[in-house]
Amino acid sequence: MENSRQSFTRHADAPTAGSKPPGATEQEGGGGSLSIADLLGFAEVSSADPEVLADAQELRRTIRWVHIADSEHVERFLEGGELVLTTATTFRRSPAAVSEFLDQLERAGAAGTIVELVDADSAPDEEASAIVRAAASGRELPVVLLPHRVKFVRITELAHRRILAQQISRLEHAREIHETYTRLSLDQADAQTIVERTAELLGTPVVLEDVAHRVLAHAGHGSRSLTQKWADLVTGAGTSPEVGETGSWRQTPVGLRTRRWGRLVVPGPDRTAAAVEQIIERAGEALTLTRMADRDEQDLLLQAQSGLIREISDSEGLDERSALDRARSLGFSPVAGAELTPVVVRLDQDPETDPTRVQLQERGLTQEVVSAVSRLDLCCLMISLQSGVFGFVLAPARRARSRRSTPVTAVSDDLLARLLAQLEGHTASWVVGVGRSSTSLLGAVSRLEAASQVAEVASTLDVRERSFYRSSDVRLRGLLSLLADDSRLRAFAEGELGPLLGDTTGDGVRRSRERPDGPPRTASDDELLDFLELYLAHGGNKSAMARAGYLSRPALYARITKLQDRLGVSLDDPESRTALHVALLWWRLHG
């Protein structure tokens with residue numbers, strides 16, 4: 001960079017005395033770190049007509065300390081960030097010595113130097129000034145020439161007083177920040193309260209989002225309008241003229257290192273002040289502790305609620321009044337006379353699904369259920385049934401009565417759909433079974449098993465068009481699920497489908513029931529079972545079967561004939577089709 005000779009007071013781009021450099025925050029200007037530009041505003045310096053050999057950008061350098069030196073061998077005394085004051089008396093006449101002096105300052109990372117160049121009569125030393133200008137040419141290091149005598153001790157006194165005062169101020173500010181977030185953590189403040197306090201401290205909008213960029217909380221002037229277009233902003237699809245591009249936003253992750261669950265974002269131009277970093281980091285820590293405390297509390301509450309539901313299911317000595325009193329102590333306070341609805345949520349999973357992943361998904365979903373229930377003025381009593389399956393008894397909450405002209409005493413289908421809609425996107429996929437409501441807690445708990453069976457049957461459906469299912473929605477599948485362990489139904493199904501099934505003989509080979517001593521079952525046996533399912537699914541409509549199975553008419557008729565011969569029945573007989581349909585449904589579910 002080419003340095004130019006310029007008077008500080010006439011420099012168009014340089015900050016004026018006492019002003020903050022362009023782009024500096026409050027902490028970087030008069031209320032923050034001391035910069036070279038700030039020092040040039042001191043009367044002791046500005047009255048000496050300083051000549052600045054540096055770009056305005058370099059004048060923003062922060063001064064960590066002020067050091068006085070009379071020798072060009074100064075590097076060993078510096079640690080970086082110092083402003084060096086010198087008269088250069090011993091080396092000002094030597095271009096090589098002046099260059100070495102500036103080289104050492106650059107190597108040591110000094111903030112800059114102020115060189116007083118006056119002769120014995122206190123007149124400007126033009127010859128020495130020319131040598132220093134030449135040595136400073138092309139350097140980024142700020143060099144300030146003083147053609148009049150100044151008192152270095154006065155400059156160091158003012159600078160150090162300012163630096164120490166700022167350090168004390170930063171320490172006090174850090175203590176205030178520490179006490180603020182410690183108090184919030186001890187008071188178990190919720191996320192919204194923490195975000196609001198952070199916005200107050202920063203004086204800027206603050207947004208808390210989850211890992212899917214959904215806004216969990218926001219505060220500060222302009223945060224509401226900002227969050228309305230949040231999805232576009234964080235995905236790069238748009239920018240905000242008020243806050244600039246998202247790439248310059250300050251942010252900190254929230255959650256444990258191995259389990260991040262969100263980000264705390266401070267939209268706006270890039271802020272480099274250490275205080276800003278400290279505030280958002282402490283806010284992130286407070287949010288993490290709050291979430292951990294909430295999870296611990298919810299986990300303990302879930303364990304207690306699960307214990308109560310199991311006691312109700314297993315014990316005959318617990319009456320309705322005692323059960324309700326126990327449930328109220330665990331946060332379940334339904335409206336008097338309310339209908340209690342049993343609900344079971346079943347996460348989709350296959351044998352290869354990581355059990356830990358299923359557990360984390362279930363835990364996250366239960367927490368979302370608790371939050372959504374509270375937002376909709378409902379209450380629930382929850383239980384973990386097995387890995388990936390949990391249930392709860394749902395009812396209108398007693399606290400909601402005062403806010404409605406007509407008390408709500410039942411959970412409508414619309415309200416249940418609204419509740420489940422708030423859970424979308426939190427896990428890969430899941431299905432919900434709902435049992436019949438009851439005004440009795442004991443009755444609602446006893447119907448959780450039926451709701452679980454409905455959810456299990458609904459999970460086998462190829463197409464799910466409902467947000468939740470009742471027994472009337474799964475119909476025959478539901479009945480077969482209830483009779484899953486009935487040996488008579490197994491015998492019926494195996495009797496109807498026997499010619500298409502096989503037995504495992506002592507040699508471990510599956511053979512046809514009709515041909516126990518014959519060859520093992522072939523792929524054609526499985527194909528006939530699938531073809532029977534195709535036939536029954538289309539009610540024997542041969543045109544629909546041909547289209548769905550990509551079969552020609554001759555091939556279709558040949559398979560129908562082969563299937564009837566194997567089964568020994570006519571597929572035109574309605575009773576035979578009904579019996580085969582029931583048997584096939586049971587076999588697909590439990591065979």
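In what follows, the structure referred to is the one given above.
Residues numbered from 1 in each chain as written. Predicted model: local features only at pLDDT ≥ 70, side-chain atom pairs only at ≥ 80, totals over all residues. Heavy atoms only, no water.

1. Details of the overall build of the protein chain
Now for step 1: Along its length, the protein chain carries 20 helices and 16 strands.
Now for step 2: By residue count, 45% of the 591 residues in the protein chain fall in the buried class.
Now for step 3: Taking as baseline every contact in the protein chain between residues at least 6 positions apart, the subset at least 24 positions apart corresponds to 64%.
Now for step 4: Here the protein chain displays about 30100 Å² of accessible surface, and carbon together with sulfur accounts for 49% of that area. (Helix = DSSP H or I, 4+ residues; strand = E, 2+ residues; numbered from the N terminus. Buried < 20%, exposed > 50% of the residue type's maximum accessible area, 1.4 Å probe, protein only. Contact = heavy atoms within 4.5 Å. Areas by Shrake-Rupley, 256 points an atom, 1.4 Å probe, with all protein chains shown as cover.)

2. A few points about the packing of helix α18 (residues 542-549) against helix α19 (residues 553-567)
The angle between the axes and the distance between the axes are what describe a pair of packed helices.
Now for step 1: The contact between α18 and α19 brings their axes to 10 Å, and the two run at 105°. Considered as vectors, α18 and α19 are oriented roughly perpendicular to each other. Where α18 abuts α19, its residues Lys-542, Ser-543, Met-545 and Ala-546 lie against Arg-553, Leu-556, Tyr-557 and Ile-560.
Now for step 2: Residues that form the contact of α18 with α19 fall into these classes: five nonpolar, one polar and two charged. (Axes fitted to C-alpha atoms, helices over the stretch in contact; angles between N-to-C directions. Parallel < 35°, antiparallel > 145°, perpendicular 65-115°, else oblique. Nonpolar A, V, L, I, M, F, W, Y, C, P; charged D, E, K, R; others polar.)

3. Examining the packing of aromatic side chains
Now for step 1: Enumeration over the complete set of coordinates arrives at two aromatic pairs.
Now for step 2: Consider the rings of Phe-91 and Phe-101, whose centres lie 5.1 Å apart with planes at 40°: the pair is tilted. You can see Phe-91 sitting in the loop between β4 (82-86) and α3 (95-108) and its partner Phe-101 sitting in helix α3, a full ten residues away along the chain. As far as burial versus exposure is concerned, Phe-91 and Phe-101 are alike and both buried.
Now for step 3: When the ring of Phe-390 is compared with that of Phe-392, the centres are 6.4 Å apart and the planes differ by 25°; the resulting orientation is stacked.
Now for step 4: A relative accessible area of 1% places Phe-392 in the buried class. (Phe/Tyr/Trp six-rings, centres within 6.5 Å; stacked < 30°, edge-to-face > 60°.)

4. Re α19
Now for step 1: Its 15 residues give α19 an end-to-end C-alpha distance of 21 Å, which sits within 8% of 21 Å, the value for a rise of 1.5 Å per residue.
Now for step 2: When α19 is considered as a whole, its buried residues turn out to be Leu-556, Ile-560, Leu-563, Arg-566 and Leu-567. An end-on view of α19 places all buried positions within 130° of arc, on one side of the element. Facing away from the buried side of α19 by more than 90 degrees, the exposed set consists of Pro-554 and Asp-565.
Now for step 3: Of the residues one or two after α19, Gly-568 is the one with positive phi, at around 75°. (Expected span 1.5 Å × (residues − 1). Arc of directions from axis to C-beta.)

5. A closer look at the environment of Leu-365
Now for step 1: Tracing the sequence through the fold places Leu-365 in helix α11 (residues 355-375).
Now for step 2: Residue classification places Leu-365 among the buried residues on the basis of a relative accessible area of 0%.
Now for step 3: Separated by 25 residues in sequence, Leu-365 and Phe-390 have C-alpha atoms that sit 9.6 Å apart.

6. Considering the state of the cysteines
Now for step 1: The final tally for this structure, using the stated rule, is zero disulfides.
Now for step 2: Cys-380 supplies the cysteine sulfur nearest to Cys-379, a cysteine that is in no disulfide, at a spacing of 7.3 Å.
Now for step 3: With relative accessibility at 4%, the residue Cys-379 sits in the buried group. (Disulfide = S-S within 2.5 Å.)

7. Here's the deal with the pairing of strand β11 (residues 341-347)
Now for step 1: Burial analysis of β11 places seven of its seven residues in the buried class, which makes it a mostly covered element.
Now for step 2: The side-chain alternation of β11 yields two buried faces, one formed by Thr-341, Val-343, Val-345 and Leu-347 and the other by Pro-342, Val-344 and Arg-346.
Now for step 3: In terms of strand pairing, β11 meets strand β13 (residues 389-396) through six bridges, oriented antiparallel. In the sheet register, Thr-341 faces β13, and the bridge partner there is Leu-394.
Now for step 4: As defined by bridge partners, β11 adjoins strand β14 (residues 430-434) across five bridges and the pair is classed as antiparallel. The residue of β14 that forms the bridge with Leu-347 is Trp-430. (Pairing = 2+ DSSP bridges.)

8. Focus on the nonpolar core
Now for step 1: Among the nonpolar cores identified, the biggest contains 28 residues, and Leu-497, Phe-531, Leu-532 and Leu-563 are the most heavily contacted of them.
Now for step 2: Those elements that place two or more of their residues in this core are α16 (487-497), α17 (523-537), α18, α19 and α20 (574-590).
Now for step 3: Apart from the residues lying within four places of it in its own chain, the contact partners of Leu-497 are Leu-532, Leu-580, Ala-583, Leu-584 and Trp-587. (Core = buried A, V, L, I, M, F, W, Y, C linked by side-chain atoms within 4.5 Å.)

9. Topic: the pattern of salt bridges
Now for step 1: Summed over the entire model, instances satisfying the criterion amount to 26 salt bridges.
Now for step 2: A salt bridge links Glu-44 to Arg-154; the nearest nitrogen and oxygen atoms lie 3.3 Å apart. Taken together, the residues Glu-44 in helix α2 (residues 43-46) and Arg-154 in helix α5 (residues 152-186) connect sequence positions 110 residues apart.
Now for step 3: On the accessibility criterion, Glu-44 (23% relative accessible area) is partly exposed.
Now for step 4: Note that Asp-325 and Arg-328 form a salt bridge whose closest N and O atoms lie 3.2 Å from each other. In this pair, Asp-325 and Arg-328 both sit in helix α10 (residues 320-329), three residues apart, roughly one turn of the helix.
Now for step 5: Here the salt bridges do not stand alone but share partners, grouping Glu-44, Arg-154, Glu-157 and Arg-161 into one network. (Salt bridge = Lys/Arg side-chain N within 4 Å of Asp/Glu carboxyl O.)

10. Side note on the environment of Leu-536
Now for step 1: Its location among the elements puts Leu-536 in helix α17.
Now for step 2: Judged by its relative accessible area of 10%, Leu-536 is buried.
Now for step 3: Between the C-alpha atoms of Leu-536 and Leu-584, which are 48 residues apart in sequence, the distance is 9.4 Å.
Now for step 4: Residue contacts for Leu-536: discarding those within four places in its chain leaves Arg-577, Leu-580, His-581 and Leu-584.

11. Here's the deal with unusual backbone geometry
Now for step 1: Residues other than glycine seldom take positive phi values, yet Ala-88 does so here, at roughly 55°.
Now for step 2: Note on Ala-88: relative accessible area 3%, which makes it buried.
Now for step 3: Although it is not a glycine, Tyr-550 adopts a positive phi angle of roughly 55°.
Now for step 4: Looking at the element boundaries, Tyr-550 is found in the loop between α18 and α19.
Now for step 5: The exposed category is assigned to Tyr-550, whose relative accessible area is 76%.

12. Focus on the packing of α5 against helix α6 (residues 191-202)
Now for step 1: In contact at an axis separation of 11 Å, α5 and α6 are set at 170° when each is read in the N-to-C sense. Looking at the two axes, α5 sits roughly antiparallel to α6. Two packed elements cross with a definite hand, and for α5 against α6 that hand is right-handed. Taking contact as the criterion, the partners of Thr-180, Tyr-181 and Leu-184 in α5 are, on α6, Thr-193, Ile-194, Arg-197, Thr-198 and Leu-201.
Now for step 2: Within the contact of α5 with α6, the residues separate by chemical class into four nonpolar, three polar and one charged. (Left-handed = near helix turned anticlockwise from the far one by under 90°.)

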